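Listed below, chain by chain, are the residues.
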Amino acid sequence: SAGTLRMSHPQSFGVPGAAYALTVGDGASLVFDGMNGDITVPANYTPVSIRGAGNTLVGPISGALVNMSGTNTVMGAITMPAATYIASPAGKLTLSGDITGSFALTVFGEGDTELDGVLGTAAGTLGKYGSGTLTLGGSGSNSFTGITTVNGGAILLAKSANSAINSGAVTVNNGGILRYAAA
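Residues numbered from 1 in each chain as written. Predicted model: local features only at pLDDT ≥ 70, side-chain atom pairs only at ≥ 80, totals over all residues. Heavy atoms only, no water.

Visitor: How would you explain the overall build of the protein if you had to name every residue and give the values?
Guide: If you tally the helices and strands in the protein, you get 0 helices and 20 strands. When its C-alpha atoms are laid out on the principal axes, the protein stretches across 40 × 35 × 30 Å. Residue pairs at least 24 apart in sequence account for 41% of intrachain contacts in the protein once pairs closer than 6 positions are excluded. Element-wise, carbon and sulfur atoms account for 54% of the exposed surface of the protein, whose accessible area totals about 7,600 Å². Once the 6 positive and 8 negative side-chain charges of the protein are each reduced to a mean point, those two points are 4 Å apart. (Helix = DSSP H or I, 4+ residues; strand = E, 2+ residues; numbered from the N terminus. Contact = heavy atoms within 4.5 Å. Areas by Shrake-Rupley, 256 points an atom, 1.4 Å probe, with all protein chains shown as cover. Lys, Arg positive; Asp, Glu negative; His and termini not counted. Charge placed at Lys NZ, Arg CZ, Asp CG, Glu CD.)

Structure below.
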């Protein structure tokens, strides 16, 4: 519930035979350091519950999930019981499962982040900071209705026309890009 857990080996999470819950509490960070190979959190770890801004001792940007290097993936469903930050200072972090909650999701970093499940955060907002790209991909229609704000980098809409951003307003500030490239 506090501190930092740094995963730096491709088999850090193993392959559990049963389902396990994984919780990253407020003030804590789960850090992916793919320097020894890309890391995957298997789908057996479900739900993955993330909340808060992470451990500020991680570095200049922090989050509940932090991708330091490599192309790393969280396969299972994700719940957000509070506003949450995700940081990708380098490499790429892919969240494959659906994301649920009713709170703000903020993505930071020069690295890339991809959300391939359904983003179902109700009226929660989506914010993007840093020069990296946030891709809203996958086949399911996002259902969040909050405001989407691009403050830096790009948000790539890689779903069909009406399913990447539901009905919320979109603000693209100076330095931000909103790009459409449906799958």
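This is not the end of the story, as more comes after the structure.
Visitor: How would you summarise the sheet that holds strand 3 (residues 28-33) if you had to cite specific residues and measurements?
Guide: The parallel open sheet is built from 8 strands, whose spatial order is 1-3-6-9-12-15-17-19. Strands at the two margins of the open sheet, each flanked by one partner only, are strand 1 (3-7) and strand 19 (170-172). Averaged over all neighbouring strand pairs, the angle between strand axes comes to 15 degrees, with direction disregarded. (Pairing = 2+ DSSP bridges. Axes fitted to C-alpha atoms, helices over the stretch in contact; angles between N-to-C directions.)

Visitor: If you had to explain the pattern of salt bridges to someone new, which residues and values would you point to?
Guide: A full pass over the atoms with the stated rule returns 2 salt bridges. One salt bridge connects D33 with R6, and the closest N-O pair in it is separated by 3.0 Å. Of this pair, D33 sits in strand 3 while R6 sits in strand 1, and the two are 27 residues apart along the sequence. Assessed through its relative accessible area of 48%, R6 is described here as partly exposed. Taking the shortest distance from any N to any O, the salt bridge between E114 and K92 comes out at 2.7 Å. Here K92 lies in strand 10 (residues 92-95) and E114 lies in strand 13 (residues 112-115), a separation of 22 residues in the sequence. (Salt bridge = Lys/Arg side-chain N within 4 Å of Asp/Glu carboxyl O. Buried < 20%, exposed > 50% of the residue type's maximum accessible area, 1.4 Å probe, protein only.)

Visitor: Give a description of the pairing of strand 3 that names residues and reports values.
Guide: Most of strand 3 sits out of view: 6 of its 6 residues are buried. Residues A28, L30 and F32 point to one face of strand 3 and S29, V31 and D33 to the other, with burial holding for every one of them. Pairing analysis gives 5 bridges linking strand 1 to strand 3, with the strands arranged parallel. Bridging from a neighbouring strand, T4 pairs with S29 of strand 3. For strand 3 and strand 6 (residues 65-69), the ladder comprises 4 bridges, and the chain directions are parallel. Paired with D33 across the strands is S69, a residue of strand 6.

Visitor: A description of a nonpolar patch on the surface should follow, citing residues and the corresponding values.
Guide: On the surface, V170, V172 and L178 cluster together into a nonpolar patch covering about 200 Å² of accessible area. Mapped onto the elements, V172 comes out in strand 19. (Patch = residues over 30% accessible without salt bridge, like charges linked within 9 Å, V, L, I, M, F, W, Y side chains within 5 Å.)

Visitor: Help me get a handle on unusual backbone geometry, residues and values and all.
Guide: In this structure, P47 follows T46 across a cis peptide bond, with omega equal to 0 degrees. Here P47 is to be found in strand 5 (residues 45-50). Despite not being glycine, A122 has its phi angle at roughly 50 degrees, a positive value. Within the secondary structure, A122 is located in the loop between strand 14 (119-120) and strand 15 (126-128).

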